[in-house]
Amino acid sequence: MSHAAMMSEVEEHYENPLTPGWGKLMMWIFLCSDAMSFVGLLAAYGSVRMFDPNWPVPSSKLDVPLTALNTFILICSSVTMVKALAAIKRGDRKGLTLWLWGTIAGGSTFLGIQAFEWTHLIVHEGLSIQSSLFGATFFILTGFHGCHVLSGVVYLTCIMIRGARGGYDARHHSPVEIAGLYWHFVDLIWILVFTFVYLI
Amino acid sequence: MSQDVKEHAEPNYWGVWLALLILTILELGVTKLPVPKFIEVFALCALALTKAALVAAYFMHLKFEKGALMLIVLSPLLLSAILYIGLVPDAITHIRWLPN
């Protein structure tokens with residue numbers, strides 16, 4: 001018996017009472033633990049910043065308009081992700097591949113702009129993880145998030161390749177939905193990081 | 001096994017996208033307003049949490065999931081808040097000793 005057939009049999013016998021499919025529940029549990037990691041980092045950032053009277057105004061050091069554009073790109077990539085899922089739910093494999101391409105392109109553009117921003121800050125502004133608490137918190141928070149985006153791009157590329165080979169259809173598309181949950185989570189976290197680190 | 005818990009029509013994703021775009025522009029606008037800092041911070045936090053809630057509810061389909069799953073998702077955030085409030089006094093004590 002193949003692994004997929006075995007898993008299907010297990011799912012039929014042991015129905016998940018919370019949400020269809022065990023994979024989705026496992027992804028939610030992973031996202032909860034990951035959210036706590038981000039909350040910990042944001043809380044540490046808040047504590048350090050709140051009690052430091054010499055904390056610089058973020059807009060004086062960081063390029064807020066460029067990052068706002070980056071935020072917009074990430075939000076757009078979330079829309080392309082839900083459109084990809086909607087396409088495969090209709091059985092539209094071509095639509096799945098095209099929308100996933102858009103999502104991967106959005107994520108890659110985000111990473112490119114972040115790399116440009118980091119290079120500018122390190123080379124021209126002299127900001128580093130060791131230069132100040134501002135630098136340390138900035139690079140740790142945006143770097144940790146950037147690693148998530150990079151992982152997401154790789155994850156979605158694998159999903160897209162399998163989708164292009166006909167691995168999903170209107171009935172079997174759970175892996176696309178689960179990958180989508182991860183990608184939207186990355187978007188959600190960036191919305192908070194952008195506000196707390198760049199705007200406040 | 002991949003159908004949604006509650007049968008529902010496809011949400012208006014472009015509408016959610018537009019709302020997120022408008023809220024982001026509003027955030028940028030708030031930073032330019034001549035208002036006291038605490039009002040600015042409050043407004044920015046409210047806008048950011050609204051955007052995060054929109055993403056979770058519509059893009060992550062949390063709005064269409066069972067209440068029990070929502071409890072599982074929201075409980076770690078509540079626990080994190082309790083943990084943070086519990087650690088703040090300790091953080092204040094130590095940060096006072098940090099060099100400039």
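Small disclaimer: the values here were computed from a predicted structure and weren't measured.

Participant: How would you sum up the nonpolar core? Please name residues and give values.
Facilitator: Core analysis: the biggest nonpolar cluster contains 57 residues, and Ala84, Leu96, Leu100, Leu156, Val176 and Val193 of chain A have the highest contact counts within it. Among the secondary structure elements, those contributing two or more residues to this core are helix H2 (22–50), helix H4 (64–89), helix H5 (93–123), helix H6 (133–164) and helix H7 (174–199) of chain A together with helix H1 (13–30) and helix H2 (37–59) of chain B. The dominant element in this core, judged by the number of residues it contributes, is H7 of chain A, at 18 residues. Those residues within four positions of leucine 96 of chain A in sequence are excluded, and the remaining contacts are Ala84, Ala87, Ile88, Gly163, Tyr168 and Val176 of chain A.

Participant: Can you explain H6 of chain A? Please cite residues and give values.
Facilitator: End to end, H6 of chain A covers 46 Å across 32 residues, agreeing with the expected 46 Å (1.5 Å per residue, within 8%). The first or second residue beyond H6 of chain A is glycine 166 of chain A, which carries a positive phi of 85 degrees.

Participant: An account of unusual backbone geometry is needed here, citing residue identities and associated values.
Facilitator: A negative phi holds for most residues other than glycine; trans holds for most peptide bonds. The backbone of histidine 61 of chain B shows a phi angle near 60 degrees, a positive value even though the residue is not glycine. Inspection of the secondary structure puts histidine 61 of chain B in the loop between H2 and helix H3 (67–95).

Participant: Tell me what's going on with H1 of chain B, and back it up with residues and numbers.
Facilitator: For H1 of chain B, built from 18 residues, the straight-helix expectation of 26 Å at 1.5 Å per residue is met to within 8% by its first-to-last C-alpha distance of 26 Å. Those residues of H1 of chain B that sit buried are Val16, Trp17, Leu20, Thr24 and Glu27 of chain B. One side of H1 of chain B carries all its buried residues, which in axial view fall inside an arc of 105 degrees. Turned more than 90 degrees away from the buried face of H1 of chain B, the exposed residues are Trp14, Gly15, Leu18, Ile22, Ile25 and Gly29 of chain B. For H1 of chain B, the secondary structure elements touched by its buried residues are H4 and H7 of chain A together with H2 of chain B.

Each value, and the rule that gives it
- The residue numbers shown here count from 1 along each chain, following its written sequence.
- Chains carry letters from A onward and ligands carry numbers from 1 onward, assigned in written order.
- It should be noted that, the model being predicted, local features are given only for residues of pLDDT at least 70 and side-chain atom pairs only at 80 or more, the latter also being counted only at that level, while totals for whole chains, interfaces and linings use all residues.
- The term nonpolar core refers to a set of buried Ala, Val, Leu, Ile, Met, Phe, Trp, Tyr and Cys residues connected through C-beta atoms within 7 Å.
- Neighbour density around each residue's C-beta defines its exposure: 20 or more other C-beta atoms within 10 Å make it buried, 12 or fewer make it exposed, and counts between make it partly exposed, where C-beta atoms are placed from the backbone.
- The helix count covers DSSP runs of H or I at least four residues long, the strand count covers runs of E at least two residues long, and both are numbered beginning at the N terminus.
- Once C-beta atoms have been placed from the backbone, residue pairs whose C-beta atoms lie within 7 Å are recorded as contacts.
- Multiplying 1.5 Å by the helix residue count minus one yields the expected span of that helix.
- Arc definition: it is the arc formed by the directions from the helix axis to the C-beta atoms.

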